[in-house]
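Fold and contact review
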Amino acid sequence: MLIHPWDAALGENEWRRFAIDQGFGHLVASGGPERRRPVVVPTQFVLDEDVALIHLARPNPIWAAIEENSYVVLSIAGDWAYIPSSWKMIDGEDPAGGVPTTYYAAVQLAGEVEIIDDPDRKLALLRHQLAALQPDEHIHDPATHHRLLPGIRGVRLSISDVQAKFKYGGNADRAHRLAVAQRLERRGRLSDDAARQHLLRRLQTESAEKP
């Protein structure tokens, strides 16, 4: 994806926090050269250091594509908000002359995949996922569902390449971005607050880094 310098992640912590908070993405396997289209699977995941842990149903069409080419991408995007033209203009600027845009964050984690079929390793993966996703909930160990275990396969994606983008008006000055933040707060749509928080957080970081 296109990443302008002002949209680049401010560091590993930023993209990692976003990926963990989202916890849901699209696993993309391109397959071999004769495959006409990649297989794209929406899925929950758990990020464990430099590994993404996933499990999917055995009939899932992605397995054949992974066997053809084990290098895959886990694409994560969210916290988006449409910014109308007039929101980009302040202090007497012509509201009709603004350029609309969409704010969003996107992280793409790429690397080699290992398919896990060993029952003990699948159980370990499921325990790790459950501990991360619902740490405060008392549940039976996944081994109690042993009859269901053959119906899933585990995925360990070893991350070797990360692309991260935080498109929140970084090419505009502080006054214009604060004006957009105020308008996001007033509009109050579902993802507006998340976009606003990214905008303000990145502004604060920029201010802290200035001498």
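Here the structure is shown first, and the text comes after it.
Described below are features of the structure shown in this document. (Residues numbered from 1 in each chain as written. Predicted model: local features only at pLDDT ≥ 70, side-chain atom pairs only at ≥ 80, totals over all residues. Heavy atoms only, no water.)

**Remarks on the pattern of salt bridges**
Counting across every chain of the model gives 15 salt bridges. Here Arg 177 makes a salt bridge to Glu 206, at a shortest N to O gap of 3.0 Å. Taken together, the residues span a long stretch of sequence, with Arg 177 in helix α4 (residues 174–187) and Glu 206 in helix α5 (residues 192–209) at a distance of 29 residues. It is possible to trace a salt-bridge network through shared partners that takes in Glu 12, Arg 16 and Asp 50. (Salt bridge = Lys/Arg side-chain N within 4 Å of Asp/Glu carboxyl O. Helix = DSSP H or I, 4+ residues; strand = E, 2+ residues; numbered from the N terminus.)

**Remarks on the pairing of strand β5 (residues 71–83)**
Both strand β1 (residues 24–29) and β5 contribute to a ladder of four bridges, which runs antiparallel. Residue pairing in the sheet places His 26 in a bridge with Ser 75 of β5. Note: β5 against strand β6 (residues 101–116), 11 bridges, orientation antiparallel. Paired with Val 73 across the strands is Ala 110, a residue of β6. (Pairing = 2+ DSSP bridges.)

**Focus on the side chain of Arg 177**
The class of Arg 177 is buried, set by a relative accessible area of 5%. Residue contacts for Arg 177: discarding those within four places in its chain leaves Tyr 168, Gly 169, Gly 170, Ala 172, Leu 199, Leu 203 and Glu 206. (Buried < 20%, exposed > 50% of the residue type's maximum accessible area, 1.4 Å probe, protein only. Contact = heavy atoms within 4.5 Å.)

**Here we look at unusual backbone geometry**
Even without being glycine, Glu 49 reaches a positive phi, approximately 55°. Mapped onto the secondary structure, Glu 49 falls in the loop between β3 (46–48) and β4 (51–57). Even without being glycine, Asp 79 reaches a positive phi, approximately 50°. Note that Asp 79 resides in strand β5. According to the relative accessible area criterion, Asp 79 is buried, its value standing at 18%.

**A look at the layout of surface pockets**
Put simply, the largest pocket is a space of about 260 Å³. Taken together, 17 residues make up the lining of the largest pocket; nearest its centre are Lys 88, Thr 101, Gly 169, Asn 171 and Ala 172. For the lining of the largest pocket, the secondary-structure elements that each account for two or more residues are β6 and α4. Looking at the lining of the largest pocket element by element, the count peaks at three residues for α4. Residues belonging to the lining of the largest pocket are distributed by class as follows: seven nonpolar, six polar and four charged. In this structure, the second largest pocket occupies an estimated 170 Å³ of space. Around the second largest pocket, the lining residues are Leu 126, Leu 130, Ile 139, His 140, Pro 142, His 145, Leu 148, Leu 149 and Ile 152. Grouping the constituent residues of the lining of the second largest pocket by class yields seven nonpolar, two polar and no charged. (1 Å grid on protein atoms, 1.4 Å probe; cavity = no way out; pocket = protein on both sides within 12 Å on 5 of 7 lines; lining within 4 Å. Points joined across faces, edges and corners; volume = space filled by probe spheres on them. Nonpolar A, V, L, I, M, F, W, Y, C, P; charged D, E, K, R; others polar.)

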